Structures are given as structure tokens and as C-alpha cells.
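Residue-level structural notes
As a plain string of letters, each chain reads:
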Amino acid sequence: MPEPMTFPWPAASATGIGSFPGDDPAETLRVVLGELPDLPHLPELPARGPGADLTGRTAGLLVELPVALQPSGWRFADRPGRDLQRARDHLARDLDALEEQAGDYGGPFKIQVAGPWTLAATIELKHGDRTLKDAGAIRDLIDSLAEGVRVHVADVRRRLPSAEILLQVDEPGLPGALAGTVPTASGFGRLRAVEATLAEEGLGRVLRAGDAYPIVHCCARDVPYGLLRAAGAKAISVDAGLIPTKADEAVGEAIEAGIGLFLGVVPGTDTAFPSARASARPARELWGRLGFPPARMAEQIVLTPSCGLAGASPGYARAALARCREVAQVLRDEPEG
């Protein structure tokens, strides 16, 4: 008989994707820790401005690759400047608040960074082209990011010594890089598609860097499930509303292989919630379509909002996390509907 699957989170867990409204890290952490007691995460607060955004926050982790903000976005620079310092200051304040609020926390805890292919598609080289255009620059970026992630995970472990760290690598730009649809800096052309083997190798280096439980989040329709598994992801985070039926085979293979599924079932911006049972329907339908035992669903699936909550009101964001937890409990208590 196959060995039973084990995951670092308890059954009926819920978590957030990453971003949250507001600009107070301590208050936001109190909300996250209160609403997501089984699998909290380090919230990101992009409303604070440049350096708190997805790209800038992770660019602040890069080792010996300084960046600066230009009118067109983030760009590599000759030397560290105030934009980079602002990004690092934001993260330092977040980690100080984390240590203060959760230093004795002893369960699974998730942190998030942007992935190498998303960074390569968004950060510009010094002369203005996207990093994705230059193979040598991509290698340097992956080396730098892997080292930065290693240091970052170690810092979080030092602050949360009893926690098990889960590392979520956000790769919304990966499907475009694979398909060759990323625009050039001018916008008039498209960059050459990245070979799948190179994408797998680069992502894998970052996933392994921190020696943490690796998760990949991709809020796109064409999620490359097989590539993410081959790169070392032990869980894949997707929007339930963006899983086409043509992906059933790839999703089923991932589930059969013991990959955790972080499934976005609650809208990320203010709206009226359907019932918890209605919100559980996409997970139940997917699971039933793929033919897996209903009792296993609450163990292998973690419920999340459909994407980040930065565009939501504070009240809605808090309620969305609570609703994710309620839906997770429905999957555990009523797996067959």
C-alpha cells in the first residue's frame, strides 16, 4: 500500500495569497494571525508605495544586484540608492512586527517572494530592455535571487524559531515567458519564449534555496503544472475560477503525486459572499471530476482568496480570510456535499 500523504498544515486549513490593504504591518499581522490560526502568512502591504509592491519587495532581497525605480518601472542600477533602501526598510519593519506579534508561534507559516521569471519579465536592464531578453542577465538574476531567498528564509526562521516555514514563489509572469507573449520594453514586439527546461531549472534553484516547504502561486489560466512539479513545488496555488477543464489531467496527476493544492475560492475584491457551501462547490466539483476520495480533499486542499487582497477594503479583506476558513471547514465536515 502507498504511504499516507502528509502535509505541514492541518486538515481544513486556509491561508492568504500575500497582499493585503492598509499600511500598518502590526495591525495587519494581528488580523492574519487571528483569522488564519492554522496557516498564517506574512502579509504584503503595497499601499505603502514603491518597494512594497511585488517586484520591488523581492528586488530588495537580491544580492549584489541593486535596483532603482524609473518611470517605466524597476531597473537594475549601478549602485544602491534610496528606492532600494525603501524596499528593504519596508521588509525590515514587517519582520520586526512579525517577531513581536508571533515570535512564539509554532505551526506552519508562509512567506512569499516573486519568482525569477516574473522578475525577469518586469525588471529592466540598465539600458532599458527587459531582463528576460538577456540570457546572461537571467543567470545573474537567478543566482542573486537564490542567495537572497536563502538569507531571507534564515532571517524568518531566526524570528520564528518554532515555526515550519513555507516558501511561496509567485510566478504570474511564467506562463507568458514560456509562451513568448511578454512584450519588449517598447511594447511593439514580443520577447522570445523561454525553453521549459531553462524555466524549470531556474525556478527550481529558487525553490530549493531556502530549504523551506516550496509552493508556487500562479494566477493564470495556463499554469504549467508539470513544470512546477518538476522544479520541486510541493504545492501549487491557483485561482479555482481559472482552471480550464483541459487542465484536468495535469491537475489530477499533481494531486495523485501528493502535491498540495492551494485553491482560490473567495473573490479578492469587495463583493457579497455566497454561502460557504456555495464557495466550496468549485473544490468539490474539481475533486469529483478527477475521481479522488472526498475524505482526502480537506487534507490536500488549502482554501485561499482568488488572488491577493490589496484591492479590497480592510473590512472585506478580514471577512474574506474568515470565509476561506469557513469553506475549508465545510470541505472537512461535508466532503460529499
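Our subject is the structure that appears above.
Attention shifts here to the packing of aromatic side chains. If you walk through the whole model with that rule in mind, you get 6 aromatic pairs. Note on Phe7 and Trp9: the rings are 5.2 Å apart at their centroids and 15° apart in plane angle, and the pair reads as stacked. Take Trp9: its relative accessible area is 4%, and that puts it in the buried class. Ring centres of Tyr105 and Phe109 lie 6.2 Å apart, and the angle between their planes is 65°; this geometry places the pair in the edge-to-face category. As far as the burial class goes, Tyr105 and Phe109 line up, both buried. Three or more aromatic residues joined by ring pairs make a cluster, and in this case those are Phe7, Trp9, Tyr213 and Phe262.

Across the 5 residues of strand 6 (residues 235–239), 5 count as buried, placing the element largely inside the fold. Here strand 6 shows two buried faces, one formed by Ala235, Ser237 and Asp239 and the other by Ile236 and Val238. Bridge count between strand 5 (residues 213–217) and strand 6: 3 bridges; the pairing is parallel. Residue pairing in the sheet places Ile215 in a bridge with Ala235 of strand 6. In this fold, the crossover linking strand 5 to strand 6 by way of helix 8 (residues 225–231) has right-handed handedness. Here 5 bridges tie strand 6 to strand 7 (residues 260–266), and the two strands are oriented parallel to one another. Bridging across to strand 7, Ile236 finds its partner in Leu261. For the handedness criterion, the β-α-β arrangement of strand 6, helix 9 (residues 248–256) and strand 7 is classed as right-handed.

Further remarks concern the side chain of His217. By secondary structure assignment, the location of His217 is in strand 5. A polar contact is formed between the side chain of His217 and the side chain of Ser237, at a distance of 2.9 Å.

To continue, consider helix 12 (residues 314–333). Along its 20 residues, helix 12 runs 29 Å from first to last C-alpha, staying within 8% of the 28 Å computed at 1.5 Å per residue. The inward-facing, buried residues of helix 12 contact helix 1 (25–35), strand 7, helix 10 (276–290), helix 11 (297–300) and strand 8 (301–305).

A few words now on helix 7 (residues 196–209). For helix 7, with 14 residues, the first-to-last C-alpha span of 20 Å sits near the 20 Å given by 1.5 Å per residue. Ala199, Gly202, Leu203, Gly204, Val206, Leu207 and Ala209 are the residues of helix 7 that are buried. For helix 7, the secondary structure elements touched by its buried residues are helix 4 (116–122), helix 5 (135–159), strand 4 (164–170), helix 6 (174–179), strand 5 and helix 8. Within two residues after helix 7, Asp211 carries a phi angle of roughly 50°, on the positive side.

On to the pattern of salt bridges, then. As enumerated under the stated definition, the model contains 21 salt bridges in all. Taking the shortest distance from any N to any O, the salt bridge between Asp155 and Arg159 comes out at 3.0 Å. A residue pair is termed a helical-turn pair when its members lie 3 or 4 positions apart in one helix, as Asp155 and Arg159 do in helix 5 at 4 residues. Assessed through its relative accessible area of 9%, Arg159 is described here as buried. Here the salt bridges do not stand alone but share partners, grouping Asp96, Glu99, Asp155, Arg158 and Arg159 into one network.

What follows deals with the side chain of Asp170. The residue Asp170 is located in strand 4 in this model. Lys110 provides the closest opposite charge to the buried, unpaired Asp170, separated from it by 6.6 Å. Setting aside residues no more than four positions away along its own chain, Asp170 makes contact with Glu44, Leu54, Gln112, Val113, Ala114, Gly115, Thr118 and His217.

Here we take up the sheet that holds strand 3 (residues 108–114). Strands sit in the order 3-4-5-6-7-8 across an open sheet of 6 strands; the sheet is parallel. In this open sheet, the two strands that pair with only one neighbour each are strand 3 and strand 8. Averaged over neighbouring strand pairs, the angle between their axes works out to 25° when direction is ignored.

Turning our attention to the packing of helix 1 against helix 3 (residues 82–102). The contact between helix 1 and helix 3 brings their axes to 9 Å, and the two run at 45°. Judged on the interaxial angle alone, helix 3 and helix 1 are oblique. Relative to helix 3, the crossing made by helix 1 is right-handed. Judged by residue contacts, Pro25, Ala26, Leu29, Arg30 and Leu33 of helix 1 engage Arg93, Asp94, Ala97, Leu98, Gln101 and Ala102 from helix 3. Across the contact of helix 1 with helix 3, the residue classes break down as 7 nonpolar, 1 polar and 3 charged.

Calculation notes
Residues numbered from 1 in each chain as written. Predicted model: local features only at pLDDT ≥ 70, side-chain atom pairs only at ≥ 80, totals over all residues. Heavy atoms only, no water. Phe/Tyr/Trp six-rings, centres within 6.5 Å; stacked < 30°, edge-to-face > 60°. Buried < 20%, exposed > 50% of the residue type's maximum accessible area, 1.4 Å probe, protein only. Helix = DSSP H or I, 4+ residues; strand = E, 2+ residues; numbered from the N terminus. Pairing = 2+ DSSP bridges. Right-handed = clockwise from strand over helix to strand, strands pointing away. Polar contact = N/O pair within 3.5 Å; in protein donor to acceptor, adjacent residues only side chain to side chain. Expected span 1.5 Å × (residues − 1). Contact = heavy atoms within 4.5 Å. Salt bridge = Lys/Arg side-chain N within 4 Å of Asp/Glu carboxyl O. Lys, Arg positive; Asp, Glu negative; His and termini not counted. Axes fitted to C-alpha atoms, helices over the stretch in contact; angles between N-to-C directions. Parallel < 35°, antiparallel > 145°, perpendicular 65-115°, else oblique. Left-handed = near helix turned anticlockwise from the far one by under 90°. Nonpolar A, V, L, I, M, F, W, Y, C, P; charged D, E, K, R; others polar.

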